[in-house]
Amino acid sequence: MYNSGGGQELSIRSLTVFNQHRVTIMEATSKDTRGSFAAKKTPATPKGLLNIAVRAARAAGEIINRNFEDRDHITVQEKAKDDLVTNVDRECENAIRSVISRYYPEHGILAEESGYSKNSGDSDYLWVIDPLDGTSNFCKGIPHVAVSIGVKIKGITSVGVVYDPIRNELFTATKGEGAILNNRKIRVSGIKGLDTGIFATAFPHRNREHLDRYQKILARVFSRCADIRRAGTASLDLAYVAAGRMDGYFELCLKPWDFCAGDLLVREAGGVVTDFDGKPDYAQNGNIVAANPYAIQNLLREIKAAC
Ligand code: IPD
Ligand code: CA
Ligand code: CA
């Protein structure tokens, strides 16, 4: 245990060596010893932001794990057709917001369940939060969910955290410094053609007007690759591409909180993220294709040919 001098106890959770890169993640894991005054001293550097993002993600992860085994008391509402929210989504979001506002009260927040914070237009910093990604999985007891937190500085995603609390897998990325899974640097896979690739995707279940187009794309990609997975948690789909577990990913109509953190993970792991036209407009249209720089060319070619 280490006391930073600012009243905040930090424990060094990890120190490892990977490909001659020493990777140290210092997480703020214990209570502030001088309350909110100490908390506000955390600098808004990428490293400071990452520490707080991890702290917030772990707080939400604890709530998810506590509720996952005992889901009888969970209340589920349908926000829109095929779009669920539970009391656990809201509890996680409150926990994340409260960690962020304790350390960075002046920062803006965009969170799935509560939208933009009042000050979000005035701040250079925007925290983009999906408190529980994979709510349908959660409701069914499928153990594949995540907490996703990205931080934008002047509109540029600079920090990303995707945390799978059930497997205790923490994916993190800081702009220009690579992507890490639980202390180890990760890289996208090295496949070039699609034939040996396994790709993640999702059906447009909330946007069924796109089903015809999507089915054509799916058929085309499936006929060229080894297999396809639909696992139900967009942020983990992207994190798995970053870790080389999936060779690529494509999904239509995502929201900023689904992909903000995962987008940075993929790019920091050496991958490329585009929209379905190969353009960088996915932040506007929510249509995401992600893969390594070779495979994405082949993936985009099949998508184009299908449309
Ligand atoms: C959804 C999941 C799902 C994806 C949807 C998302 P939610 O998020 O990530 O995998 O296909 O597009 O909206 O509603 O569970 O947070
Ligand atoms: Ca989501
Ligand atoms: Ca969600």
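Residues numbered from 1 in each chain as written. Chains lettered and ligands numbered in written order. Predicted model: local features only at pLDDT ≥ 70, side-chain atom pairs only at ≥ 80, totals over all residues.

Engineer: How should the nonpolar core be read in this particular structure?
Structural biologist: Note that soluble globular proteins tend to have their nonpolar side chains buried in a common cluster. Ranked by internal contacts, the top residues of the largest apolar core, which has 87 residues, are A53, V241, A242 and L265. Ranked by the residues each element gives to this core, the list is headed by helix α2 (residues 46-68), at 10 residues. When residues of this core are assigned to domains, at least three map to each of domain 1 (2-186) and domain 2 (198-306). With near-sequence residues (within four places) excluded, L265 lies in contact with G160, V162, F171, A173, A179, L238, A239 and A242. (Core = buried A, V, L, I, M, F, W, Y, C linked by C-beta atoms within 7 Å. Buried ≥ 20, exposed ≤ 12 C-beta atoms within 10 Å, placed from the backbone. Helix = DSSP H or I, 4+ residues; strand = E, 2+ residues; numbered from the N terminus. Domains from an automatic or database assignment. Contact = placed C-beta atoms within 7 Å.)

Engineer: How should I be thinking about the pairing of strand β8 (residues 125-133) in this particular structure?
Structural biologist: In the case of a regular strand, side chains alternate between the two sheet surfaces. β8 sits mainly inside the fold: nine of its nine residues count as buried. Here strand β6 (residues 108-111) runs beside β8; their pairing, made up of four bridges, is parallel. If you follow G108 over to β8, its bridge partner there is L126. By the bridge criterion, seven bridges tie β8 to strand β9 (residues 146-153) in an arrangement that is antiparallel. When the sheet's bridge partners are listed, D130 is paired in β9 with S148. (Pairing = 2+ DSSP bridges.)

Engineer: Looking at this structure, how should I read the site of ligand 1?
Structural biologist: Ligand 1 sits among D130, D133, G134, T135, S136, A202, G232, T233, A234, E251, L254 and D258. Those elements that place two or more of their residues in the shell around ligand 1 are β8 and α4 (135-140). Looking at the shell around ligand 1 residue by residue, the class counts come to three nonpolar, five polar and four charged. Residue-level mapping places the shell around ligand 1 at the junction of two domains, with at least three residues from each of domain 1 (2-186) and domain 2 (198-306). (Near = placed C-beta within 6 Å. Nonpolar A, V, L, I, M, F, W, Y, C, P; charged D, E, K, R; others polar.)

Engineer: What's the story with the sheet that holds strand β12 (residues 179-181) in this structure? I'm lost.
Structural biologist: By way of backbone hydrogen bonds, the strands of a sheet pair with one another, either parallel or antiparallel. Strand order in the open sheet formed by eight strands is β7-β6-β8-β9-β10-β11-β12-β13, with mixed pairing between adjacent strands. Edge positions in the sheet fall to β7 (115-116) and β13 (184-186), since each of these pairs with one other strand and no more. Pairing of β6 with β7 involves two bridges; the strand directions are antiparallel. Across the sheet, L110 pairs through a bridge with Y116, a residue of β7. Its contacts with the sheet place helix α6 (residues 234-242) against β8, β9, β10 (156-164), β11 (169-174), β12 and β13, and it is angled at close to 100° to β10. Packing of helix α7 (residues 256-268) onto the sheet brings it into contact with β6, β8, β9, β10, β11 and β12, and relative to β10 it is tilted by some 100°. (Axes fitted to C-alpha atoms, helices over the stretch in contact; angles between N-to-C directions.)

Engineer: What is the right way to look at the sheet that holds strand β18 (residues 288-291) in this model?
Structural biologist: The strand order across the open sheet built from five strands is β15-β14-β16-β18-β17, with neighbouring strands paired in mixed fashion. Only two strands of the sheet have a single partner each, and these edge strands are β15 (227-229) and β17 (272-274). Strand-to-strand twist of the sheet, defined as the mean angle between neighbouring strand axes without regard to direction, takes the value 20°. Sheet analysis places strand β14 (residues 198-201) next to strand β16 (residues 248-251), joined by three bridges and oriented parallel. If you follow A200 over to β16, its bridge partner there is Y249. Helix-sheet contacts for α6 involve β14, β16 and β18, and the interaxial angle to β16 is about 155°. Contacting β16, β17 and β18, helix α9 (residues 295-306) crosses the sheet at an angle of about 145° to β18.

Engineer: What should I look at first to understand the confidence of the model for the chain in this one?
Structural biologist: Residues shown with low pLDDT carry predicted positions that ought not to be read at fine detail. Put simply, the chain has an average pLDDT of 89, and 87% of its residues get 70 or more. Contacts for the low-pLDDT stretch residues 1-26, under 50 throughout, to residues beyond four places or in other chains number 50 contacts. A low-confidence stretch, residues 28-38 (pLDDT under 50), is modelled with 23 contacts involving residues beyond four sequence positions or located in other chains. (pLDDT = per-residue confidence, 0-100.)

Engineer: Explanation requested: the packing of helix α5 (residues 211-224) against α9 in the structure shown.
Structural biologist: Where α5 contacts α9, the axes come no closer than 8 Å and their chain directions differ by 135°. As far as their axial angle goes, α9 and α5 are oblique. Note on packing geometry: the crossing formed by α5 with α9 is right-handed. Of α9, the residues touching α5 (which contributes K216, I217, R220, V221 and R224) are L299, E302, I303, A305 and A306. Looking at the contact of α5 with α9 residue by residue, the classes come out as six nonpolar, no polar and four charged. (Parallel < 35°, antiparallel > 145°, perpendicular 65-115°, else oblique. Left-handed = near helix turned anticlockwise from the far one by under 90°.)

Engineer: What is the right way to look at helix α3 (residues 87-103) in this model?
Structural biologist: One turn of the α-helix equals 3.6 residues, which is why residues spaced by three or four share an orientation. For α3, with 17 residues, the first-to-last C-alpha span of 25 Å sits near the 24 Å given by 1.5 Å per residue. Looking at α3, one finds that the buried residues are V88, D89, C92, E93, A95, I96, V99, I100 and Y103. One side of α3 carries all its buried residues, which in axial view fall inside an arc of 160°. (Expected span 1.5 Å × (residues − 1). Arc of directions from axis to C-beta.)

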